[in-house]
Structures are given as C-alpha cells and as structure tokens.
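# Chains, contacts and geometry: an overview
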Amino acid sequence: MTPHERPGRKTLQGLLVVSVEQAVAAPYCACKLADAGARVIKVERPEGDFARGYDRTAKGESAYFVWLNRGKESVALDLKDPEDLAVLRRMIDRADVFIQNLAPGAAGRLGIGSQALREADPRLITLDISGYGEEGPYRDMKAYDLLIQAETGLAAITGHPAGPGRVGVSVCDIAAGMYGYMAVLEALLERAGSGCGKAIQVSLFDALADWMTVPLLQQSHGGQAPRRVGLNHPSIAPYGAYAAADGEVVVSIQNEREWHRFCVEVLERPDLAGDPRFADTSARVANRPALDAEIAAVWGRLERTEVVARLERAKIAYGRVNSLADLAGHPQLRRAVVATPAGDLDLVAPPARLVGEAVNLGSVPALDEQGAALRREFAAERGQAAAPRDAAAQGETVR
C-alpha cells in the first residue's frame, strides 16, 4: 500500500447478497458485488459449483473459480432436501439481493421464484440469469457460452475467412454478468428512494445480441453482414495486423489525417496518400488486397522495432500481437493478490481504480467453508418449523 492509499469503507458494505450460482455469469455478477463490499453467500450444490472442476491450473485450483469467487462465503446445500431449502429461505428472508442461474424453471419449482419472493418481501431485489430469457420459444433450452456465440451470429463474424471462430474467452457469460451487476446497482439506487426492490432478468442471448447491434444494423440496413477478416477490421482499413520482417504489428488508422501521416512518415510513400484507390475509408476497404500489398512491400523489409519507431514518431496507434506469456510480463498489467485454499495467487487487478484506495480482494472459499457457521447463523428460531413459506412450494421440493 502506498502512503496515499487507504482501505476505505466499501460502497456496498452492510448489504447481504445470496446467490444460488454456478459456472460464470452469476458468479461474475456476485463477485463484483463482493468486491464492492457486499456480503455474498454463495450457495453451492453438495458436490460444489462445477466450475471448481474446469481445470487445476491455479496451484491445483480452477482458474475460473479463483477468478470469479473471491470475497464470498460458501455453503453447500441440497435444495431437494426440505431442511436445506429452509436454510436457504431464511437466508433470503434477510437478503437485500437474491441471484440465481439455475436451470430454466428450477427456481419456481423450488418455491424461490422471483415473483413469490418479492410478494413476500417487496424490498428484495432479485436477479434471474438464464440462457435465453423467461419468454419465447427458446426459454427452456440449456445454454452455454459457445452455444450463444453461435446462436447470436458472433461466431459467423469471428475468425478467418476460411471459417468461423470462437472468441477465446467467455464473452456471453461475462456480458450477462456485467449487465446483471449494473442492473442490481441501479435497483439499489432506486430502492434507496422508493423503498421497493425490483425483479431483474438477464439472459446470455440478450447480452450478446446487444453487443451485436452494429453488425446486425449492417446486415439489416446495409444488406450485408461483416465478413470474417481475421485480425483486420471489416469496415476500416488499414486497421489490423501487418507483418514486419520479424513479427506482426497491429495498426489503426481512424481518419484521413492519420492516413496521410501514415503514408508520408511510416510507409515513406507520400504518393499513396493521393492514390484514388485509397482516397477514403470505403475506398481502402474496397481495395484492401492492393492496400495490404503496398504495406507489406514496405514493412516486410523492416524490423518490428523500426516499424514501431516510425509509428510512434507519426503518432499512429499501434499494438503488438502478444502471446499470453507476453501479457504475463506486460509492463502495463496490474496485479492483485488473492488468498485461496491452495495459497496466495496473483490475479489481474479490478479494472476500475478507486483513486486513493488500495485494492483489497476477499479470499476464495473452499467448498462449504462457512457452511457450519452459516447453518448456525440462519438456524430456525425455537418453535419455528424449518419449512418453505407455503405448502405448495413444499410439494414441489419433495416430488
């Protein structure tokens, strides 16, 4: 901690979040709430969140689980067991926010659907995360990240011209988790004034469909979807990776002033600035093969350090095509330490910096690490039956 950093009181301190969660989307949302100071109780199935078993690369822990579950308390509950379900209900009774990403319809069958919970407690904020939403012909379909990448058309515009590709991280899950987090924060702000919570629904499909707005407009109104162009940009040129003699450099030209400087100072070909084939962005995209050939003819005989030096002198945006090993040693990468059952690990620090405050990440729990303490804390009061709120819900849980 530097002399100017202080721990500070976290924004959501004092709020209780109960999250019946697994995989990525809901844990991502709950993790951000935990980072902001909320007390987050993670409810896992008895065998644990299946993301615990995705890999063993982080000192024997799952990289996914370590990333998404810091700062939470873990309790393992069998929601088909009436007593365990009653523990969950008592947690929800005290909660400010309830999150779930169970299979379609499962929360309702357990008697913990958002409508029933909010009728009992109008201050409660509920967040239901699903694959395709609560309505429509796909609502009962299971959904995972790659399936949504394919269904939304993301895979069709990603990859090389020879074939579609998958974005290499779980963008659909992350997008849904981010939208859920934003919506919960908005609901908390509104509740502070109105005293009423909200029922929030976020689906992976809706989240990615929003991210696909520009290519969808291009398809709907321009009559043509963006083509797969690898590391190039489908509608701007030059904007992509070009090979120097010893490696690739990504360059981005955003306007005609930059294009002129690029021709004069980087390519040292001022004649290209006035070439009608490259007169504007649309012309350069239409004549991309010729443009690529002109750039390759110059860059192919230069070392990458020389290309970078010219780009910097010309104040042209550029980047290197780094490996993950390069990222691990990147001088701009910020790290933060998190405690896990396997020992301390370095994670990427949260992107939003709170100026003057130190980064302080909560620890990653072992399965059911706080289970005994939570069962005591949320035990039935003397004379109170450990049962669901109503008999109809009880019938759903014991079938």
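Below is a summary of the structure that appears in this document. (Residues numbered from 1 in each chain as written. Predicted model: local features only at pLDDT ≥ 70, side-chain atom pairs only at ≥ 80, totals over all residues. Heavy atoms only, no water.)

Let's shift gears to helix α8 (residues 204-211). Taken together, the buried positions of α8 are Leu-204, Ala-207 and Leu-208. Buried residues of α8, viewed axially, fall in a sector of 90°; they line one side. In this structure, the buried residues of α8 make contact with α1 (25-35), β5 (125-130), α6 (145-151), α7 (171-194) and β8 (199-203). (Buried < 20%, exposed > 50% of the residue type's maximum accessible area, 1.4 Å probe, protein only. Helix = DSSP H or I, 4+ residues; strand = E, 2+ residues; numbered from the N terminus. Arc of directions from axis to C-beta. Contact = heavy atoms within 4.5 Å.)

To continue, consider the environment of Pro-238. Its location among the elements puts Pro-238 in the loop between α9 (213-222) and β9 (239-244). For Pro-238, a relative accessible area of 0% translates into the label buried. Remark: the alpha-carbon pair of Pro-238 and Ser-252, spanning 14 residues in sequence, is separated by 6.3 Å. Other than its neighbours up to four places away in sequence, Pro-238 contacts Val-251, Ser-252, Ile-253, Trp-259, Phe-262, Arg-284, Leu-291 and Ile-295.

Here we come to the sheet that holds strand β11 (residues 317-320). Pairing is antiparallel across the open sheet formed by three strands, whose spatial order is β9-β10-β11. Where the open sheet ends on each side, the last strands, each with one partner, are β9 and β11. Sheet twist, expressed as the average angle between the axes of neighbouring strands with direction ignored, equals 30°. Sheet analysis places β9 next to strand β10 (residues 247-252), joined by six bridges and oriented antiparallel. The partner of Ala-244 across the bridge, within β10, is Gly-247. Relative to β9, helix α13 (residues 288-299) is tilted by about 35°, and along the sheet it contacts β9 and β10. Taken strand by strand, helix α14 (residues 304-313) contacts β9, β10 and β11, and its axis lies near 15° from that of β10. (Pairing = 2+ DSSP bridges. Axes fitted to C-alpha atoms, helices over the stretch in contact; angles between N-to-C directions.)

Just geometry here; none of it tells us what the structure is for.
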